[in-house]
Structure formats: structure tokens, C-alpha cells
Amino acid sequence: MTHKHLMIAIDWAGPYRSIADANKAAADDFDHGLYMCLGRCGLERKVRPQYIGIATSLSARVKHDHPALCHVAGDFALWLGEITTAEPSGKRMKVTKPTLDYAEWLHARFMDLPLNDRKKKSLPPRSVTVLNRWLKTDYETPRQRRPHADWPDLIDFPMYELPARAVWFGRRQRHFPAPDYVAR
């Protein structure tokens with residue numbers, strides 16, 4: 001059976017500079033979601049994205065004894081992600097929501113996150129695109145810049161013998177002021 005292409009949009013809020021702050025925010029504002037940890041592990045000199053995870057209850061998962069988060073020490077920053085698109089229709093084969101599962105999979109695989117193991121080993125069984133958007137911790141104010149240069153705005157996995165792409169939106173943009181496009 002051929003699946004249609006799945007498009008997933010994620011609103012990321014952060015950064016949270018401690019697990020306690022992220023856990024409090026997750027308890028207040030999130031249920032199902034993703035979390036992305038940036039920082040340094042071991043003797044690394046540069047901050048980088050380290051791990052992505054999913055949870056049906058972010059506040060229950062984002063804890064000090066988390067098996068991956070406890071390895072990130074230097075310049076710790078945690079981002080909480082909320083899927084803002086609908087789930088695909090059809091029979092669910094797993095308990096985990098497909099949008100969460102595929103969003104985690106694409107980030108772990110194509111960003112080659114060092115603390116993720118399972119989802120880096122194989123490719124997703126369907127065609128998927130993930131769009132990342134970043135907000136401040138008030139969950140409303142957009143951020144002008146992505147949290148890290150290695151975290152792409154878009155990850156596209158078309159599956160059908162086409163190349164996968166990580167896309168960082170560049171400087172060439174055409175802006176349409178609100179009154180111009182609203183009035184039409």
C-alpha cells in the first residue's frame with residue numbers, strides 16, 4: 001500500500017536552561033510532544049544538538065534521571081516541541097502518534113544526533129517532511145534565529161528514489177506585509 005506524503009509542522013519553545021524549568025513548562029503547557037537537547041557531552045568543545053525524544057507525557061519523561069539527558073552537561077538547553085498538524089487518517093499500527101514518531105525519526109537520522117541510537121539505524125517506511133518553527137518560552141513570540149546552525153528549518157524525506165534534504169532557509173526572501181496579502 002502506498003502512503004501519501006506526510007507533512008508535519010512542529011512549534012518548538014525554548015530554550016529551557018535546566019531540566020527542572022523544562023519539566024515545569026511541560027507540566028503546565030504540554031502533553032504529547034517532542035524534546036530536543038542541545039549542549040556538550042564529555043570533552044566536546046562545541047555546543048551541538050545531542051538528542052531528540054518523544055513522550056505521551058513530557059513532564060513524566062523530561063527528568064534528571066533520563067538516560068540521555070543526564071549525559072549533556074555543558075551549555076545545556078532543552079526545547080519542547082508541539083506538533084501543530086493533524087494526524088494522518090487510517091488505522092493506527094502503534095500506540096505512538098505517527099507525527100511524533102516520524103518527526104523524531106527524521107531529526108535523529110538526518111541530523112545524526114549522537115545520543116539517539118534506534119532511529120538512526122534505518123529509514124522511515126513512508127515519505128515525510130518536517131517543518132520546524134521556533135518560539136520563545138511564552139509560546140507566542142517567534143524567534144528570529146534557529147537555536148543552532150545545525151538544526152534545519154525543514155527535513156524532507158521523499159522516499160521514492162529522490163534525495164532527502166535538510167533545508168536551512170536563507171537570506172533571499174520576499175516579505176508580504178500583512179495589509180498587502182490580507183486585503184486581496
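Up top you'll find the structure we're talking about.
Now for a description of the structure that goes with this document. (Residues numbered from 1 in each chain as written. Predicted model: local features only at pLDDT ≥ 70, side-chain atom pairs only at ≥ 80, totals over all residues. Heavy atoms only, no water.)

1. Topic: the packing of aromatic side chains
Applying the stated rule across the entire model yields 6 aromatic pairs. Measuring from ring centre to ring centre gives 5.0 Å for Trp12 and Trp151, while their planes differ by 75 degrees; the resulting arrangement is edge-to-face. In this pair, Trp12 is assigned in strand E1 (residues 6-16) and Trp151 in the loop between strand E5 (128-135) and strand E6 (154-157), connecting sequence segments 139 residues apart. Residue classification places Trp12 among the buried residues on the basis of a relative accessible area of 0%. The rings of Trp12, Trp79, Trp134 and Trp151 are connected pair by pair, giving a single aromatic cluster. (Phe/Tyr/Trp six-rings, centres within 6.5 Å; stacked < 30°, edge-to-face > 60°. Helix = DSSP H or I, 4+ residues; strand = E, 2+ residues; numbered from the N terminus. Buried < 20%, exposed > 50% of the residue type's maximum accessible area, 1.4 Å probe, protein only.)

2. Remarks on unusual backbone geometry
Going from Gly14 to Pro15, the amide bond is cis rather than trans, its omega being 0 degrees. With respect to the secondary-structure elements, Pro15 resides in strand E1. Positive phi, close to 50 degrees, is recorded for Asp112, a residue that is not glycine. Topologically, Asp112 is positioned in the loop between helix H3 (98-110) and E5. Taking relative accessible area as the criterion, Asp112 reaches 47% and is therefore assigned partly exposed. Unlike most non-glycine residues, Tyr139 shows phi in positive territory, near 65 degrees. Mapping Tyr139 onto the fold places it in the loop between E5 and E6.

3. Some remarks on the pairing of strand E2 (residues 33-41)
Of all 9 residues in E2, 8 are buried; the element is thus mostly enclosed. Where E2 and strand E3 (residues 48-55) come together, 7 bridges link them in antiparallel fashion. When the bridges of E3 are listed, Tyr35 appears paired with Gly53. Counting the residues in the hairpin turn of E2 and E3 gives 6 residues, including Gly42, whose phi is positive at 55 degrees. One ladder, built from 7 bridges, connects E2 with strand E4 (residues 72-83); its direction is antiparallel. By the bridge assignment, Tyr35 is partnered in E4 with Leu80. (Pairing = 2+ DSSP bridges.)

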